[in-house]
Amino acid sequence: MQQQENWQLDTHDAVRYHWRVWELTGLIQPVGMSRPLHLLRAILINVLVTLLFPLTLLAKLFFTHSLQELCENLTITITDIAANFKFINVFLVRRQLAEIRRLLHQLDRRAIGVQNPEELLALRLAVNMARNSFRIFAGIFVFGTALSCLRVTISRERTLLYPAWFGIDWQHSDAAYLCLCGYQLFGLIVQAVQDCANDSYPPAYLCILTGHMRALELRVRRIGYPAWSPRSSSNRHQRWRRAAHVELCSCIDDYINIIKLHAIIQQIISIACLAQFLCSAAVQCTVGMHFLYVTDSNDLSAMLLSMVFFVAVTLEVFIICYFGDRMRGQSEKLCDAFYACNWVDQTPQFRRNLIITLMISQQTFCIFAGGHIAVTLKTFVQVVRSTWSVFTLLLKAK
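Not measured: the values here are computed from a predicted model.

Cut-offs and rules
- Residues numbered from 1 in each chain as written.
- Predicted model: local features only at pLDDT ≥ 70, side-chain atom pairs only at ≥ 80, totals over all residues.
- Heavy atoms only, no water.
- Patch = residues over 30% accessible without salt bridge, like charges linked within 9 Å, V, L, I, M, F, W, Y side chains within 5 Å.
- Areas by Shrake-Rupley, 256 points an atom, 1.4 Å probe, with all protein chains shown as cover.
- Salt bridge = Lys/Arg side-chain N within 4 Å of Asp/Glu carboxyl O.
- Helix = DSSP H or I, 4+ residues; strand = E, 2+ residues; numbered from the N terminus.
- Buried < 20%, exposed > 50% of the residue type's maximum accessible area, 1.4 Å probe, protein only.
- Axes fitted to C-alpha atoms, helices over the stretch in contact; angles between N-to-C directions.
- Parallel < 35°, antiparallel > 145°, perpendicular 65-115°, else oblique.
- Left-handed = near helix turned anticlockwise from the far one by under 90°.
- Contact = heavy atoms within 4.5 Å.
- Polar contact = N/O pair within 3.5 Å; in protein donor to acceptor, adjacent residues only side chain to side chain.
- Phe/Tyr/Trp six-rings, centres within 6.5 Å; stacked < 30°, edge-to-face > 60°.
- Lys NZ or Arg CZ within 6 Å of the ring centre and 35° of its normal.

> So what about a nonpolar patch on the surface? Which residues, and what values?
On the surface, Leu39, Ile43, Leu44, Val47, Leu48, Leu51, Leu52, Leu55, Leu58, Ile81 and Phe186 cluster together to form a nonpolar patch covering roughly 900 Å² of accessible area. When residues of the nonpolar patch are assigned to their parent elements, the largest contribution, nine residues, is made by helix α3 (residues 35-61). Relative accessible area serves as the criterion here: at 46%, Leu51 is assigned to the partly exposed category.

Right, here's the structure in full:
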């Protein structure tokens, strides 16, 4: 039974939820669906939601009558525009996503062939952790959507789920109000599903990459062990050294695939991470202004909703930075593993290949948002400090 589970290893299954969302929202053509039907559904969903939904929010900015309304509208508008920007980025890198899938299958076949319980456990833990990151983001968006619906339900006055402009008098027309609420609820659900996938796929891919680095680290550390015994025959010693060299070459091939995987992941999540950093800073400053200048004790639901956005964007940056920092630390352990293998008793050719690999592995793997900002916990601390500095500046200016 255990052997059957090992053969079913598929680390790409960690982003199964993300691919399902991208198929439903028209980014990827589902298997078995005709291309005309796929294009029709993709155009319909993205015109009604991805395009029109943020336009209604932007239009409302020109019809606000108070600073409180402006802050409330800016919070959702900034978040929605950043989400759509990340959604477009996924569309542009969809071919790279397919290439990642191919590389993961190669690395999976290698792990299945080795059949080491520690490696398989590390990969399964990575898959579970990536899925849990999706569930965390899903919980945040479900709570925010439910809170918006609750706010409309308990409001004494007729109000929409989110401040938006539609150009019709919905306050005095029941039919128009129900239609607009229905459209906003549909758009909100679609946007929440899109956001959940777009915000959680960077940490998911980083988690998968870290898992394969961990598996390769364990594999490299075992090269040359158990050590050759002087009591063994000369022929057996030669076979042992040849086997160690073959294993090193296989690990080098795995390391090259991991380098390729890291390069592609850097390419597909660089813009997404940068957009998330900018969105987080903008939303945090907007919520800070809301609390300092336009706090309304009679509208606690609006304050709570702003707090949800504040916590959500902060948590999104933390999760990305956490997995980026974790991947960086694992790359250092992988480099140390090449030093830890039993290279002393090996052939000169083994040592030459190992030295070349060590020269390559000296550069620590790191993800850079926008090509310049390191996605690490140190960066997250800097983002929090910058937000606090802006908050204290507003507090002094009040």
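> An account of the packing of helix α5 (residues 94-114) against helix α7 (residues 174-221) is needed here, citing residue identities and associated values.
Contact geometry for α5 and α7: axes closest at 12 Å, N-to-C directions at 30°. In terms of their interaxial angle, α5 and α7 are classed as roughly parallel. The two elements α5 and α7 cross, and the hand of that crossing is left-handed. In this structure, α5 contributes Leu97, Ile100, Leu104, Leu107, Asp108, Arg110, Ala111 and Val114 to the contact, and α7 contributes Tyr205, Ile208, His212 and Arg219.

> So what's going on with the pattern of salt bridges? Which residues, and what values?
What the rule picks out here adds up to 14 salt bridges. The residue Lys86 makes a salt bridge to Asp199 at a minimum N-O spacing of 2.2 Å. Within this pair, whereas Lys86 is found in helix α4 (residues 67-92), its partner Asp199 is found in helix α7, the two being separated by 113 residues in sequence. A relative accessible area of 4% places Lys86 in the buried class. Note that Asp254 and Arg110 form a salt bridge whose closest N and O atoms lie 2.6 Å from each other. Taken together, the residues Asp254 in helix α8 (residues 234-293) and Arg110 in helix α5 connect sequence positions 144 residues apart. Overall, the relative accessible area of 6% leaves Asp254 in the buried class.

> Explain the side chain of Ser361 to me, using residue names and the numbers behind them.
Here Ser361 lies in helix α10 (residues 348-361). A distance of 3.1 Å separates the side chain of Ser361 from the backbone oxygen of Leu358, its partner in a polar contact.

> Could you give an account of the packing of aromatic side chains, naming the residues involved and the relevant values?
A complete count under the given rule lists 12 aromatic pairs for this structure. Summarising the aromatic geometry, the rings of Phe318 and Tyr322 are spaced 6.2 Å apart at their centres and angled 25° between planes, so their arrangement reads as stacked. With Phe318 and Tyr322 both in helix α9 (residues 300-340) and four residues apart, this pair spans about one turn of that helix. The partly exposed category is assigned to Phe318, whose relative accessible area is 33%. Sitting over the ring of Phe91, Arg94 keeps its end group 4.0 Å from the ring centre. Above the face of the Tyr177 ring, Arg158 is positioned so that its terminal group lies 4.7 Å from the ring centre.

> How would you explain helix α2 (residues 16-24) if you had to name every residue and give the values?
Considered for burial, the residues of α2 that qualify are His18, Trp19, Val21, Trp22 and Glu23. The positive-phi residue at the C-terminal boundary of α2 is Gly26, with phi of around 90°.

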